[in-house]
Amino acid sequence: MVAQAVHPMVAQARTFADEVLRPQAGRFDSEAAVPREVLAQMAELGFLGARLPPEYGGSGLDALDYGELTVAIGKGCPSTRAILTVHTSLVGETLARLGDAEQKRHYLPLLARGEKLACFALTEPEIGSDASSVRTHYQAVAGGFLLNGRKRWITYGAIADLFLVMASCDGQMSAFLVERGTPGLTTRPLHGLMASRGAHLAEIDLDQVLVPQSALVGRLGAGFSFVANTALFYGRYSIAWAGVSLAEAALEEMVGYARKREQFGKKLRQHQLVQAMLTDAVAGVQVGRALCEKVGRAIDAAADEAVNEVNVAKYVTSRLGVQITSDAVQLLGANGISEEYPVARLYREAKVLEIIEGSTQIQQMLISDYGVRRYRVLPPKREVARAARG
Amino acid sequence: MDNQFNALCQQIREFVEANMNVDDEVALKDDDNIFRLGYVSSLFAMRLLNFIESISGITVADEDIVLPNFSSIDAMSALIQKYRSAA
Ligand SMILES: Cc1cc2nc3c(=O)[nH]c(=O)nc-3n(C[C@H](O)[C@H](O)[C@H](O)COP(=O)(O)OP(=O)(O)OC[C@H]3O[C@@H](n4cnc5c(N)ncnc54)[C@H](O)[C@@H]3O)c2cc1C
């Protein structure tokens, strides 16, 4: 088999993950912060602009290579991977797709260089899955728009410089770019979380925040149908790969341990019930990868099927992530719950992926709707049937 | 109306029909508002935008990326026509 060429940025990301992230991920988790220097290094290496167009200073990685980059960083530290999801995918890619010429010219180079960190602010204390019902309100006023409301669970919201905020007015949703420092915008870090502890989650208050007309992304009323849905599509692709990253990291820990640890006079890996866990993990990682690669190829070909298939991939890999990291804890026994090994942290992180970017239940609704169309057997067309009858 | 334009409209119609969440075969009319009638959800709007751009080669400008331009076969035909006559 010929080894496939690895994109240089992916190779760099793997080295960065091994040298910088993996050794420190446990500390970032316990200290509840990915340090700014680490994000600055990510920016320096071009990771934050990986998927953004080269004409705006990005590296223009294709979707498949970007998936590999996500896996590399995600295996090193899930909270660090989260900056790729929100900054590069949810905000950067969405601006590249739907921003106007001036928004792209102004913001994309700043995002690509990591000079501004961006986050995506949709969810609110009272509105989660039912995302089209956000209560944060906008009002057209002289000079722009006035925003009022509260957002919650916003990844990297505590330190971001730029907020892509979804707000509604008379049942119509619109999207706005709000810069930190705008009067009336305040952020409060969220603590005491089971996972994503290092990812600077925040609650965001918008109190009479005045933004200029130029802050509107897309047209008025296009906030949900186009902007949020586009962003969530890119975000879901990122999260699908994030599931693979956790599964793969857990599998590597399982393998390392099963090859060393002995019980009943033989290596764990020689016990058949342990082999079953290893088998499920190997198969799961490969299934997850195959689904994500399929979506990546569809995105690179601009194929419509990507939009439905990304839901399938996200649904499958987030659940596999929970299963495989859980088995990893099991395989390591008491060491599995110790902070001296990463598997307990991977297990905590995996559960998040079933909640965000369309929970497992929301995916089940979307995928079953897709399934009853895709796998419907249509009656033969009349002419064909007639010809067949002769 | 030239053949190429008619073929594009037919492709859009087939794309919409293949994605409608309806149990019984409904006959889609050219002026049916596919969102209001519940044939598709607003999630489908973005796919329509991508689909129209990919089959027609046009790039829909920011000011035209609004739901009413994608809400019926007629509206989408008019959108394409607008870009073709501008070209
Ligand atoms: C770590 C983390 C990071 C996040 N980062 C961001 C971010 O950067 N930006 C952002 O905007 N948001 C973010 N979120 C919020 C996330 O998008 C929401 O948590 C998610 O949409 C679910 O909403 P909810 O938590 O309000 O749960 P709810 O919507 O209240 O759902 C609760 C439960 O009910 C189920 N449920 C809901 N509706 C249905 C239904 N119709 N049928 C069946 N079951 C249903 C759900 O699946 C879930 O199990 C983050 C959340 C977490 C945990």
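If you're wondering where the values come from, they're calculated on a predicted model, not measured in any experiment.

Rules of the game
Here the residue numbering is sequential within each chain, running from 1 through the sequence in written order. Working convention: letters from A go to chains and numbers from 1 go to ligands, in the order in which they are written. In keeping with the model being predicted, local features are shown solely for residues with a pLDDT of at least 70 and side-chain atom pairs are shown and tallied solely at 80 or more, while totals for entire chains, interfaces and linings include all residues. Only heavy atoms go into the side-chain values, all of them from the structure, while hydrogens and water stay out. Just so you know, the domain bounds were taken from an automatic or database domain assignment. In what follows, residue pairs with any heavy atoms lying within 4.5 Å of each other are defined as contacts. Two parts placed together each lose some accessible area; with a 1.4 Å probe, that loss summed over both constitutes the buried area. The term salt bridge refers to a side-chain nitrogen of Lys or Arg lying within 4 Å of a carboxyl oxygen of Asp or Glu. Secondary structure follows DSSP: runs of H or I at least 4 residues long count as helices, runs of E at least 2 residues long count as strands, and numbering of each begins at the N terminus. When residue character is reported, Ala, Val, Leu, Ile, Met, Phe, Trp, Tyr, Cys and Pro are called nonpolar, Asp, Glu, Lys and Arg charged, and the others, Gly included, polar. To be near a molecule or strand, a residue needs just one of its heavy atoms within 4 Å of it. Here a polar contact is taken to be a pair of N or O atoms separated by no more than 3.5 Å, where protein atoms must pair a possible hydrogen donor with a possible acceptor and residues adjacent in sequence count only if both atoms sit in side chains. With residues, only the protein chains shown are counted as cover, and all accessible areas are computed by Shrake-Rupley using a 1.4 Å probe. Pairing of aromatic rings covers Phe, Tyr and Trp, the last through its six-membered ring, and needs centres within 6.5 Å; plane angles under 30 degrees mean stacked, over 60 mean edge-to-face, and all others mean tilted. A 1.4 Å probe rolled over the protein chains alone gives each residue an accessible area, and that area as a share of the maximum for its type sets the label: buried under 20%, exposed over 50%, partly exposed in between. As a reminder, the over-ring test applies to NZ of lysine and CZ of arginine, requiring each to be within 6 Å of the ring centre and within 35 degrees of the ring normal. We treat two strands as partners when DSSP finds at least two bridges between them. Here, expected helix span is obtained from the residue count minus one, scaled by 1.5 Å. Given a residue, its bend is the angle between the two axes fitted to the seven residues that end at it and to the seven that start from it. Every axis in this analysis is a line fitted to C-alpha atoms, fitted for helices over the stretch in contact. Angles between the N-to-C directions lie between 0 and 180 degrees. Note on terminology: angles under 35 degrees are roughly parallel, angles over 145 are roughly antiparallel, angles of 65 to 115 are roughly perpendicular, and the others are oblique. Less than a right angle of anticlockwise turn of the near helix away from the far helix marks a crossing as left-handed, whereas a clockwise turn marks it as right-handed. Method remark: on a 1 Å grid restricted to protein atoms, a set of points is classed as a cavity if a 1.4 Å probe fits but cannot get out and as a pocket if it is open with protein on both sides within 12 Å along at least five of seven lines; lining residues have an atom within 4 Å of a point. Grid points are joined across faces, edges and corners, and a volume is the space filled by probe spheres set on the points.

Draft legend 1. A look at the domain arrangement of chain A. All names here are of chain A. Assigned domains of chain A: these are domain 1 (8-116), domain 2 (120-221) and domain 3 (224-374). The centre of domain 1, based on its C-alpha atoms, is set 22 Å off from the matching centre of domain 2. Each partner contributes to the interface: domain 1 provides 22 residues, whereas domain 2 provides 19 residues. Summed over both sides, the interface of domain 1 with domain 2 buries roughly 1,800 Å², with 62% coming from carbon and sulfur. It is Gln103, Tyr107 and Lys116 in domain 1 that bury the most area against domain 2; as a group they hold 24% of the surface buried on that side. Along the contact surface separating domain 1 from domain 2 lie two salt bridges. The partner of Glu179 in a salt bridge is Lys116, and the shortest N-O contact between them spans 3.0 Å. Counting only elements with at least two residues in the side of domain 1 that touches domain 2, the list comes to helix H2 (25-30), helix H3 (36-44), helix H5 (78-98) and helix H6 (101-112). A total of nine residues in the side of domain 1 that touches domain 2 trace back to one element, the largest contributor, which is H5. Grouping the constituent residues of the side of domain 1 that touches domain 2 by class yields 14 nonpolar, four polar and four charged.

Draft legend 2. Examining the site of the ligand more closely. Residues and elements named next belong to chain A. Lining the immediate surroundings of the ligand are 18 residues, of which Thr123, Ser129, Thr155, Ser359 and Gln361 lie closest. With respect to the ligand, the backbone of Leu122 contributes an N or O atom lying 2.9 Å from an oxygen atom. In isolation the ligand exposes 960 Å². Once the protein is present, 62% of that is buried. Elements with a minimum of two residues in the shell around the ligand: strand S1 (118-121), strand S3 (144-154) and helix H11 (360-374).

Draft legend 3. View of the packing of aromatic side chains. All names here are of chain A. Across all of its chains, the model carries 10 aromatic pairs over all chains by this definition. Arranged with centres 5.8 Å apart and planes meeting at 70°, the rings of Phe16 and Phe47 form a pair that is edge-to-face. A residue pair is termed long-range when its members are at least 10 positions apart, and Phe16 in helix H1 (residues 8-21) and Phe47 in the loop between H3 and helix H4 (63-76) qualify at 31 residues. Each member of the pair, Phe16 together with Phe47, is buried. Counting every residue linked through ring pairs, the aromatic cluster contains Tyr138, Phe145 and Phe176. One cation-aromatic arrangement involves Arg152 over Trp153; the distance from NZ or CZ to the ring centre is 4.5 Å.

Draft legend 4. Spotlight on the interface of chain A and chain B. Each partner contributes to the interface: chain A provides 19 residues, whereas chain B provides 20 residues. Carbon and sulfur atoms supply 53% of the area that chain A and chain B bury against each other, a total of about 1,900 Å² over both sides. Ranking the residues of chain A by area buried against chain B places A:Arg219, A:Phe226 and A:Arg373 at the top, with a combined share of 33%. Applying the counting criterion to the chain A and chain B interface returns three salt bridges. Measuring nitrogen to oxygen at the nearest pair gives 2.9 Å for the salt bridge that ties A:Arg219 to B:Asp62. Our enumeration of links across chain A and chain B arrives at five residue pairs in polar contact (both at pLDDT 80 or more). For the side of chain A that touches chain B, the secondary-structure elements that each account for two or more residues are H5, helix H7 (223-260), helix H9 (306-331) and H11 of chain A. When residues of the side of chain A that touches chain B are assigned to their parent elements, the largest contribution, six residues, is made by H7(A). Residues belonging to the side of chain A that touches chain B are distributed by class as follows: seven nonpolar, five polar and seven charged.

Draft legend 5. Quick look at the pairing of strand S5 (residues 172-179) of chain A. Residues and elements named next belong to chain A. Among the eight residues in S5, six count as buried, and that is most of the element. In the sheet, strand S4 (residues 162-169) pairs with S5 via eight bridges, with the strands oriented antiparallel. Considered in S5, the bridge of Phe163 is made with Val178. What sits between the antiparallel neighbours S4 and S5 is a turn of two residues, in which Asp170 has the positive phi angle 50°. Pairing geometry for S5 and strand S8 (residues 216-217), over two bridges, is antiparallel. Paired with Ala175 across the strands is Val217, a residue of S8.

Draft legend 6. How the structure looks around H7(A). Residues and elements named next belong to chain A. Compared with an ideal rise of 1.5 Å per residue, which puts 38 residues at 56 Å, H7 spans 53 Å between its outermost C-alpha atoms and is within 8% of the ideal. By the largest-angle criterion, Asn229 marks the main kink of H7, which is about 25°. Counting buried positions over the 38 residues of H7 gives 32, a clear majority of the element.

Draft legend 7. Summary view of the packing of H7(A) against helix H8 (residues 272-300) of chain A. Residue and element names in this part refer to chain A. Contact geometry of H7 with H8 gives a least axis separation of 9 Å together with a crossing angle of 155°. Considering their axes alone, H7 and H8 lie roughly antiparallel with respect to each other. Between H7 and H8 lies a crossing of left-handed hand.

Draft legend 8. Up close: the layout of surface pockets. Quantified by volume, the second largest pocket comes out at close to 870 Å³. In this structure, the second largest pocket is lined by 27 residues; those nearest its centre are A:Arg376, A:Leu378, B:Glu17, B:Ala18 and B:Glu25. For the lining of the second largest pocket, the secondary structure elements donating two or more residues are H11 of chain A together with helix H1 (3-18) of chain B. Grouping the constituent residues of the lining of the second largest pocket by class yields 12 nonpolar, three polar and 12 charged.

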